[in-house]
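Residue strings, one per chain:
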Amino acid sequence: MVEAMSEEPFDAIVAAHHGEIYRFLRRTTGRVSDADDLSQETFLRAFRAYPSLPPDANVRAWLFAIATNLCRNHFRSEKRRRKALAVVEADGRGAEAGGPEGETLFNEARSRVEAMVSRLPVKQRLAFTLRKLHDQDYETVGRMLDCSAESARAHVFQAFRKIRGLLNGEDLARAEARR
Amino acid sequence: MRELPQGCQEIQDDLLAAAVAEAGPQAFHRVQAHVGRCAPCRGEFERYRAIDRAVGALRREPPGTELDRARAGLEVRLADLRSRLLTYRIFDSPLGRILIGRTEQGVSLVRYLGSRGGLGLVRAAGVEAVADGAELERFSRELLEYLEGKRTRFEWPIDLRLARSDFHRTVLEAAARIPYGAVTSYANLAREVGRPAAVRAVAQALRKNPVPIVIPCHRVVGASGDLTGYAGNKIALKQRLLAVEGVPAVRTERDFRVLREAMYVTAPGEEAYCRPTCCSLPSVSLAWLTLFASRECAEACGLRPCTSCRPDRHPISR
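In what follows, the accompanying structure is described. (Residues numbered from 1 in each chain as written. Chains lettered and ligands numbered in written order. Predicted model: local features only at pLDDT ≥ 70, side-chain atom pairs only at ≥ 80, totals over all residues.)

1. Side note on the interface of chain B and chain A
Right, so step 1: The interface of chain B with chain A comprises 38 residues on the first partner and 38 residues on the second.
Right, so step 2: When contributions to the side of chain B that touches chain A are tallied by element, the ones reaching two or more residues are helix 3 (39-59), helix 4 (65-84), strand 1 (85-93) and helix 6 (134-147) of chain B.
Right, so step 3: No other element matches the 11 residues that helix 3 of chain B contributes to the side of chain B that touches chain A. (Contact = placed C-beta atoms within 7 Å. Helix = DSSP H or I, 4+ residues; strand = E, 2+ residues; numbered from the N terminus.)

2. Re unusual backbone geometry
All names here are of chain B.
Right, so step 1: At Ala21, a residue that is not glycine, the phi angle is positive and equals roughly 60 degrees.
Right, so step 2: Residue position: Ala21 is located in the loop between helix 1 (6-19) and helix 2 (25-37).
Right, so step 3: On the neighbour-count criterion, Ala21 (11 C-beta atoms within 10 Å) is exposed.
Right, so step 4: Notably, Arg310 is not glycine yet its phi reads approximately 45 degrees, a positive angle. (Buried ≥ 20, exposed ≤ 12 C-beta atoms within 10 Å, placed from the backbone.)

3. Brief notes about the sheet that holds strand 11 (residues 290-292) of chain B
Residue and element names in this part refer to chain B.
Right, so step 1: In spatial order, the strands read 6-5-11-9; together these 4 strands make up an open sheet with mixed pairing. Two strands bound the open sheet, and with one partner strand each, they are strand 6 (220-221) and strand 9 (264-266).
Right, so step 2: Sheet topology note: the strand 5 (residues 182-185)/strand 6 ladder contains 2 bridges and is parallel. Across the sheet, residue Ser185 finds its bridge partner in strand 6, namely Val221. (Pairing = 2+ DSSP bridges.)

4. Considering the environment of B:Val258
Residues and elements named next belong to chain B.
Right, so step 1: Inspection of the secondary structure assignment puts Val258 in strand 8 (residues 256-258).
Right, so step 2: Separated by 36 residues in the primary sequence, Val258 and Gly222 have C-alpha atoms spaced 9.2 Å apart.
Right, so step 3: Leaving out residues up to four positions away in the same chain, Val258 has contacts with Val183, Val221, Gly225, Val247, Ala249 and Leu291.

5. What to know about the packing of helix 3 (residues 59-75) of chain A against helix 6 (residues 122-133) of chain A
Residues and elements named next belong to chain A.
Right, so step 1: At a closest axis distance of 11 Å, the pairing of helix 3 and helix 6 adopts a crossing angle of 155 degrees. The pairing of helix 3 with helix 6 is recorded here as roughly antiparallel in orientation. For the pair helix 3 and helix 6, the sense of crossing is right-handed. Every residue of helix 6 that contacts helix 3 at Phe64, Thr68, Cys71, Arg72 and Phe75 is listed here: Val122, Leu126 and Leu130.
Right, so step 2: Residues that form the contact of helix 3 with helix 6 fall into these classes: 6 nonpolar, 1 polar and 1 charged. (Axes fitted to C-alpha atoms, helices over the stretch in contact; angles between N-to-C directions. Parallel < 35°, antiparallel > 145°, perpendicular 65-115°, else oblique. Left-handed = near helix turned anticlockwise from the far one by under 90°. Nonpolar A, V, L, I, M, F, W, Y, C, P; charged D, E, K, R; others polar.)

Printed below as a string of structure tokens:
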């Protein structure tokens with residue numbers, strides 16, 4: 001009668017999803033220390049709520065919802081937001097050297113896109129990251145951001161337009177062609 | 001911003017959608033046809049395609065060591081939380097409100113709340129308490145079944161970390177082995193755990209039992225048959241739990257007394273059970289006997305009827 005529980009299913013959830021949630025938060029906060037804190041907080045919250053999670057729930061979407069929520073709270077403070085941007089921009093400028101010219105240009109373009117993403121308003125950035133880098137469908141993204149699927153899609157498209165406006169698209173296309 | 005011809009203007013949304021793989025097949029064909037004949041829009045399409053590919057490249061970026069470090073930090077905090085987290089549920093029972101709590105390891109807390117709110121007590125135990133949990137529904141239901149006499153055992157994982165010492169844990173584990181419908185004495189339990197002189201310490205360990213009912217400390221009574229104490233001053237609760245299991249008891253001036261003369265009996269190490277008057281009973285101290293409410297309870301523990309007093313042929317009549 002006196003025995004230990006045989007399995008700890010939450011460990012499997014951490015193993016399966018921690019990497020992706022961490023990357024998501026690294027992308028959306030732009031800071032290693034924020035990604036550390038928020039990914040820990042995501043899983044600690046998930047652990048507390050896990051016993052009451054319905055057995056048929058989509059665990060991955062549930063974790064993304066917690067992380068997204070934490071991220072939004074995190075950025076409610078405008079001051080913090082500005083600090084994060086300053087850091088990402090500094091990162092973005094430090095593009096790596098070497099390699100064939102096309103490759104370098106493309107890497108540069110990639111890190112510039114990354115820097116552009118980090119400059120988007122929070123909702124657009126979250127919608128864009130969830131959809132384009134973590135393959136969440138618009139219904140799910142909408143639920144996480146308290147808006148409709150249509151608005152979520154509009155956020156993502158608006159993000160593309162902003163990136164297009166901020167970047168010199170010509171360079172990007174040319175860099176690609178020369179790879 | 002340059003002014004676009006109307007045909008171009010109308011297709012801009014589809015053009016973006018098609019370039020970033022978000023368009024349906026019809027829109028995609030429309031865009032293909034349009035960019036085939038419109039060079040500026042073809043350029044625009046290619047720029048969005050390039051952005052989308054750069055975004056695709058971001059996906060492959062592995063954060064490497066910083067991820068490992070974050071994971072290690074998480075494991076430390078999770079381990080700490082696991083050791084403190086208690087999920088609980090409060091439900092009504094014939095004995096009043098009961099709180100049942102569990103950790104990842106198992107059920108760690110059963111508390112009679114009476115009319116008072118009991119959460120303060122849980123917090124005081126140095127744990128982080130979280131309401132509900134689907135599995136606790138089963139535990140509370142099984143507890144109610146027990147109180148209605150419809151269940152004789154709990155197949156639950158138990159977490160005894162809330163016990164106050166290793167000695168307390170040992171006593172509680174020994175009490176957990178007392179079968180349904182049986183009673184034994186504090187002295188016998190002290191003998192069981194190898195500390196025959198520590199009768200009072202055994203009583204104290206049972207008094208601090210964090211999981212009453214589940215670990216049936218109510219099945220331990222005084223050597224004389226007096227119930228002597230339960231969960232502070234809840235002696236009447238002890239009598240009710242014993243009554244659920246069919247153990248006969250009578251009210252005395254300040255207490256209840258188990259009717260030893262109306263119960264079957266066995267001695268430590270024996271394989272048979274007897275009528276209380278059996279002459280073959282070894283000459284052990286009365287305190288070391290285990291008493292059974294019924295033949296069924298005794299036989300459920302693998303004991304057979306004594307061949308000398310034949311409790312099977314001459315059951316005790318009440």
